[in-house]
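Examination of the molecular architecture
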Amino acid sequence: MRKTFLIIKREYMTRVRKKTFIIGTLLFPILYLLLIFGTGYIAEKSRQQLKIAVLDSSGFFTSQKLNLQNLADESSIMDLVKTTAGKSYDYDASGYDALLIIPAMKWDTAAPNNLVLKANKSYGASVESAVQTKVNRIWDEVKNENLGIDAGKREILALNRIQVKAVNENDEKMDAGLSSGIGMACGFLIYFIILIYGSQVMMGVMEEKTNRIAEIIVSSVKPFQMMLGKIIGIGLVALTQFLLWIAFVFVIYNVTANLTGSGSGGAANQIVGSIQTIFTSVNLPLTLFCFAFYFLGGFFFYASIYGAIGSAINEDVREAQSLSFPVTMLVIISIVLMTTAVNDPTGPIAVWGSIIPLSSPIVMMARIPYGVPGTVPVWQLALSMGLLIAGFIFTTWFAAKIYRTGILMYGKKTSWKEMLRWAFRKN
Amino acid sequence: MPLLELQQLKKYFASQKAVDDISLTVEKGQIFGLLGPNGAGKTTLIRMITGIFYPDEGQIIFDGKKFDPVKDVGYIGYMPEERGLYKKMKIGEQAMYLAQLKGLSRSDAQARIKEWFVKFEMESWWNKKVEDLSKGMSQKLQFVTTILHRPKLVILDEPFSGLDPVNSNLIKDEIFKLAQNGSTIIFSTHRMEQVEEICNHIVLVNKGKKILDGTVTQVKQEFKENLFRIGSSEVIPALNGNAPFEILNSGKANAIVRIQEGKTPNDVLQYLISQNVAIHSFQEILPTLNDIFIRLVESSPAARQFQSI
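Residues numbered from 1 in each chain as written. Chains lettered and ligands numbered in written order. Predicted model: local features only at pLDDT ≥ 70, side-chain atom pairs only at ≥ 80, totals over all residues. Heavy atoms only, no water.

Another point: the overall build of chain B. For chain B, the helix and strand inventory stands at 10 helices and 14 strands. With the C-alpha coordinates aligned to their principal axes, the bounding extent of chain B is approximately 75 × 50 × 35 Å. Sequence-distant contacts in chain B: of pairs separated by 6 or more residues, those separated by 24 or more amount to 68%. Carbon together with sulfur atoms contributes 48% to the accessible area of chain B, which is approximately 14500 Å² in total. For chain B, the separation between the mean place of its 38 positive charges and that of its 36 negative charges on side chains is 5 Å. (Helix = DSSP H or I, 4+ residues; strand = E, 2+ residues; numbered from the N terminus. Contact = heavy atoms within 4.5 Å. Areas by Shrake-Rupley, 256 points an atom, 1.4 Å probe, with all protein chains shown as cover. Lys, Arg positive; Asp, Glu negative; His and termini not counted. Charge placed at Lys NZ, Arg CZ, Asp CG, Glu CD.)

In structure tokens form, the structure reads like this:
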């Protein structure tokens, strides 16, 4: 026990003191800050007013109506112009950025499907849709006037919007959009942790083998302790980094909430607001507990396999890639299953994917935000957790057998077939 | 009571019998040479003694009791042939780590490392990284970490490879001191002149089997060919029929002779005196361990064949 603890300590300390860890840990909050303030700042700066000349042949688009719309949305200004210039419009001389030509049409027949917004530059979909909204509002108004629908009647019409919303009877407060968002985020985080820290375990074992220190260490401790110490040490590094990030997010969240409380930055407010809804509408203790469980369970499950692969490699990185490919594939398949599970959290793929330990760490996390026991019955959660524990005990045992042989085996290229033979040999 | 006793030890791998029924005894305080050509099974044997491998059959008795890999590894210091250290780790921390893994407390480890570092003039290295050390320097560090926990049994596999003569002597002196202070040393190497210089007892292993066991003197006596070097003032005259020896090689003032079966050196001297040869020196030529090694290993097929089991 003491020796395993020593190994854990060494693995943990050498990694946490590394520059890459410190940079990676600090970089995340900095990127997070940049995201909040950067997007807000860029949105503010890049907002430009588009001046659009409207050449109306129908007579419905009066400057009064256009001005009303211009007041409602200042991103573009539409002006009625009367010009009969030839084919090409002189944008520079006129001072307009674009030209919208409205042909002659009647209010009670179908309007032309496509109006063309001519310009000497390309404008994106956002400009297109903004202009489209304005034109359609005016067109609605024209129809309303001609049909004799006044403001009062219009209100009655507007009241007539019926919305359909899926509600889980067992868990009313869950909102499908939010749940899938949280589920996805948790699933992806576990996915990254398994891949990044799993390969750290693999590289760490490989380093010990190629440095030829493995034989010295195994003359003091059992290979199993050596492997376990490495996996737990690296798992703790992942956990530390993760907790630091959460702490940073909380700090930044509080700071930015105060800063933006006055209501200046729109984008920042929005992000802060959405984080607030997450915190208030999800069963936070349960989700955090499950996240920690599946994060550690999934990491142990896969890290021991990665450790076994690391022990079988001789200095050749390509060998590492080809041996770890099938394992990496399993993790990627889990992500694919997760995207299905997020959209259909009670379907068979979601249920089985979240029970089988190969994919359960990622898939189950996609389902849990939908609610326990509403969407995920307690027996499924219990079975999934039980199987994951059994699963990682099995992979650790299995990996330890491979590790014992592999760590001292030099010079020979190893295949999965050979590794399986090591694992099932009698001692 | 011997410190280590191996009884009919066997370890078979899928493709070969790495250790095939080896028994040997290592006495306390002995410097024991474990010799053998490449692939003879030495490393496998050592790995069983250090608890890395479990024997398929046979027993290891360590210090009077059945060997317990978990507990007894604390009394063993092993320096493997293929050895390395964590490249990015500081030397002081590295030594501390390895010493603590062997069961030393923090304070004990620190005190002993300091002591050894002073002895080997390594004090200034504490905060250096292993990757900054030369091969000889890291070899010294390796030796220190092997014996820090004052093991009862020290196993050194090619301890002098990569060391210059000065550092070789330094380590050699420490090995002698360890033996004097009661440690037992198993020394594995291909360099036979080192074995002759250092070891009391040797065992030669080939193809997983023990083919020679004894003290250095015994072994030499066993393999002697009754050769003598005779220094004389003139060339030995042609031998007559009663000469109890034959001349193998004759120079101007010395000759190498082989005594016939059943005759003694005194017979040779008597004959020479009767022939009026003025003798300056008379000396037995014992075979070197190198000769014995080559003779024994070459008499069996050179390369190890893969045997089916």
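Attention now goes to the packing of aromatic side chains. Enumeration according to the criterion identifies 22 aromatic pairs over all chains in this entry. Taking the centre distance of 5.9 Å and the plane angle of 20° together, the rings of phenylalanine 394 of chain A and phenylalanine 398 of chain A count as stacked. In this pair, phenylalanine 394 of chain A and phenylalanine 398 of chain A both sit in helix H15 (residues 378-406), 4 residues apart, roughly one turn of the helix. Relative to tyrosine 97 of chain B, the ring of tyrosine 86 of chain B lies with its centre 6.3 Å away and its plane at 55°, an arrangement referred to as tilted. Placement of tyrosine 86 of chain B in the loop between strand S6 (76-79) and helix H3 (91-101) and of tyrosine 97 of chain B in helix H3 is noted, with a sequence separation of 11 residues between them. The buried category is assigned to tyrosine 97 of chain B, whose relative accessible area is 5%. Against the face of tryptophan 116 of chain B rests lysine 119 of chain B, its NZ or CZ located 4.2 Å from the ring centre. The aromatic ring of tyrosine 75 of chain B is capped on one face by lysine 152 of chain B, whose charged end is 4.6 Å from the ring centroid. (Phe/Tyr/Trp six-rings, centres within 6.5 Å; stacked < 30°, edge-to-face > 60°. Buried < 20%, exposed > 50% of the residue type's maximum accessible area, 1.4 Å probe, protein only. Lys NZ or Arg CZ within 6 Å of the ring centre and 35° of its normal.)

Moving on to the interface of chain B and chain A. Across the boundary between the two partners, chain B contributes 30 residues, which contact 23 residues of chain A. Summing the contributions of chain B and of chain A, the shared interface buries around 2600 Å²; its carbon and sulfur component is 54%. Summed over the shared surface of chain B and chain A, the result is 3 salt bridges. On inspection of chain B and its partner chain A, the count reaches 12 residue pairs in polar contact (both at pLDDT 80 or more). The biggest single contributor to the side of chain B that touches chain A is H3 of chain B, with 6 residues. Across the side of chain B that touches chain A, the residue classes tally to 14 nonpolar, 7 polar and 9 charged. (Buried area = accessible area lost by both parts, 1.4 Å probe. Salt bridge = Lys/Arg side-chain N within 4 Å of Asp/Glu carboxyl O. Polar contact = N/O pair within 3.5 Å; in protein donor to acceptor, adjacent residues only side chain to side chain. Nonpolar A, V, L, I, M, F, W, Y, C, P; charged D, E, K, R; others polar.)

For the rest of this paragraph, the subject is the confidence of the model for chain A. Note that predicted coordinates carrying low pLDDT should not be read in detail. The predicted model of chain A averages 81 in pLDDT, with 88% of residues at 70 or higher. Highest mean pLDDT in chain A belongs to helix H1 (residues 2-16) of chain A (92); lowest belongs to helix H10 (residues 266-281) of chain A (60). (pLDDT = per-residue confidence, 0-100.)

Attention now goes to the domain arrangement of chain A. Segmenting chain A into domains produces domain 1 (2-39 + 174-423) and domain 2 (50-159). Computed over C-alpha atoms, the centres of domain 1 of chain A and domain 2 of chain A are 54 Å apart. (Domains from an automatic or database assignment.)

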